[in-house]
Amino acid sequence: MSYRIGLVGKPSVGKSTFFNAATMNDVPEGAYPFTTIDPTVGEAYVRVDCAAPEFDETCTPSVGVCREGTRFVPVKLVDVAGLVPGAHEGRGLGNQFLTDLNETDVLIHVVDFSGKTDIEGEATEGHDPREDIDFLEEELDAWYLDVLEKGLEKYETRYQGADAAVEEELAEQMSAFGTDKDRMKRTILAQGLELDPETWDETDKVELAREIRKRTKPMVIAANKMDTPEAQANWEEITSDPDYDHLSFVPASAHAEKALKNADEAGVVDYTPGADEFEIVGDVSGEQAAGLDRIGEFVGEYDGTGVQGALEAAVFDVLGCIAVFPGSANGSKDEKGVFRDCFILPEGSTTEDFAYHIHSDIGEGLLHGTDCRSGRQVGTDRELSHRDVIELVSTKQAAP
């Protein structure tokens, strides 16, 4: 099971280029609205320092790859089409956009920080990227508010005059957003509200919908086209604006990432995705050398092209996920290979959660785990840490 990252953005900001750069899939690119008209799902990767070298082993990944001690673990990247103002009202591809968006765990919003596309995705100059950031959040907030109000209507109709828990009705209504009654209750109370909708005014409802959205659809801003002076100036201004403190920003150039991956495949450069440097190893023309020099300056200054960084910010920073390696008594091998697997788990996952993640049979028969680095036994309720290597001791084996 892979996490699903939703890639969103208005037309013509480089979203499809970002998708292609992350997955190297052949998705149509173009500077016109609705280049992407269907959700496209590709396999991207997040980097994890491989545990194998600590055990003097060379890993044999069952999925993904390992390059010089860096494990590339797969995640799903969903290129979602149809983000335009009014999407929550069904404008453009709005209804399908929202449906596709809701099947993702976290969002990367690709924004043209150069300001050269307007709010409709048309070419312009001097556009403020903050308008793009705001309009996506406002579209999502309006969507959440509509669903919230429907839940309140049902609650008032069903339980008028009765003593009932509003968080249960709202959790049921908004279950598609990945919330439950306990989370809903905590969110309501965190807003300083009573568990009685009759005490809420319209502002309370708007702010509650926004908070639910922030907790269930966290977001990273990929500040695209950061290899331009206009984007760099906007970056300084926007990232220092306290109105955006709740968002994570990653400077990016999807074009640079795709150019480097193409050059690497062609044998022109030696490049590891996400690296802040590369080496020219093939013959290049003067024009190509100049272009690579510009890319080299960018990745050196910004610690990479930002495509890999945005994926990892979404999974590890915003979602707070951890990577865990299954091990055996010697910390590395099983009958099928060496450090074959690396799993991405939610923050706070326990040994038992890890067992069930691998297979329900292992979870049902779980006795305990073993920390393969220390050799110590760990309980089923032990909370795991990033890059743990855990052997699972179970009375049951996974079904073939």
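All figures in this text were calculated on a predicted structure; none of them were measured in a lab. (Residues numbered from 1 in each chain as written. Predicted model: local features only at pLDDT ≥ 70, side-chain atom pairs only at ≥ 80, totals over all residues. Heavy atoms only, no water.)

1. Structural notes on the environment of Asp341
Alright, step 1. Looking at the element boundaries, Asp341 is found in the loop between strand 12 (337-338) and strand 13 (343-345).
Alright, step 2. In this structure Asp341 touches Ser62, Arg71, Phe325 and Pro326, once residues within four positions along its chain are discounted.
Alright, step 3. Polar contacts involving the side chain of Asp341 include one to the side chain of Ser62, which spans 2.6 Å. (Helix = DSSP H or I, 4+ residues; strand = E, 2+ residues; numbered from the N terminus. Contact = heavy atoms within 4.5 Å. Polar contact = N/O pair within 3.5 Å; in protein donor to acceptor, adjacent residues only side chain to side chain.)

2. Topic: empty space enclosed by the protein
Alright, step 1. By the definition in use, this model includes 1 cavity of 30 Å³ or more.
Alright, step 2. Residue composition of the lining of the largest cavity, by class: 5 nonpolar, no polar and 3 charged. (1 Å grid on protein atoms, 1.4 Å probe; cavity = no way out; pocket = protein on both sides within 12 Å on 5 of 7 lines; lining within 4 Å. Points joined across faces, edges and corners; volume = space filled by probe spheres on them. Nonpolar A, V, L, I, M, F, W, Y, C, P; charged D, E, K, R; others polar.)

3. Structural notes on helix 4 (residues 166-173)
A turn of α-helix holds 3.6 residues, and therefore any two residues three or four places apart point the same way.
Alright, step 1. Here helix 4 has its buried residues at Val166, Glu167, Glu169, Leu170 and Ala171.
Alright, step 2. Close packing links the buried residues of helix 4 with helix 3 (129-158) and helix 5 (181-190). (Buried < 20%, exposed > 50% of the residue type's maximum accessible area, 1.4 Å probe, protein only.)

4. With respect to the side chain of Asp241
Alright, step 1. Within the secondary structure, Asp241 is located in the loop between helix 7 (229-239) and strand 7 (248-251).
Alright, step 2. In terms of polar contacts, Asp241 uses its side chain to reach the side chain of Arg130, at 3.2 Å.

5. Re the packing of aromatic side chains
Alright, step 1. Going through the model one piece at a time under the given rule, you end up with 10 aromatic pairs.
Alright, step 2. Between the aromatic rings of Phe113 and Phe249, the centroid separation amounts to 6.4 Å while the plane-to-plane angle is 70 degrees, which identifies the pairing as edge-to-face. Here Phe113, found in the loop between strand 5 (106-112) and helix 3, pairs with Phe249, found in strand 7; they are 136 residues apart in sequence, far enough to count as distant.
Alright, step 3. Taken together, the ring pairs connect Phe55, Phe325 and Phe339 into an aromatic cluster. (Phe/Tyr/Trp six-rings, centres within 6.5 Å; stacked < 30°, edge-to-face > 60°.)

6. Quick word on the sheet that holds strand 14 (residues 366-371)
Alright, step 1. Strand order in this open sheet of 5 strands is 13-10-16-14-15, and the pairing throughout is mixed. The sheet is open, and its two borders are formed by strand 13 and strand 15 (376-378), each paired with just one other strand. On average, adjacent strands in this sheet sit at an angle of 40 degrees to one another, irrespective of strand direction.
Alright, step 2. Pairing of strand 14 with strand 16 (residues 388-394), which is carried by 5 bridges, proceeds in the antiparallel orientation. (Pairing = 2+ DSSP bridges. Axes fitted to C-alpha atoms, helices over the stretch in contact; angles between N-to-C directions.)

7. So, the environment of Asp132
Alright, step 1. Mapped onto the secondary structure, Asp132 falls in helix 3.
Alright, step 2. In this structure the C-alpha to C-alpha distance between Asp132 and Thr117, which are 15 residues apart in sequence, comes to 9.8 Å.

8. With respect to the pattern of salt bridges
Alright, step 1. Tallied over the full model, the rule gives 25 salt bridges.
Alright, step 2. Among the salt bridges present, the one from Arg67 reaches Asp270, with a minimum N-O distance of 4.0 Å. Of this pair, Arg67 sits in strand 3 (residues 65-67) while Asp270 sits in strand 8 (residues 269-270); the two residues are 203 residues apart in sequence, bridging distant segments of the chain.
Alright, step 3. On the basis of relative accessibility, which here comes to 30%, the residue Arg67 falls in the partly exposed class.
Alright, step 4. Judged by its relative accessible area of 39%, Asp270 is partly exposed.
Alright, step 5. Residues Glu211 and Arg215 are paired through a salt bridge, measuring 2.9 Å at the closest nitrogen-oxygen approach. (Salt bridge = Lys/Arg side-chain N within 4 Å of Asp/Glu carboxyl O.)

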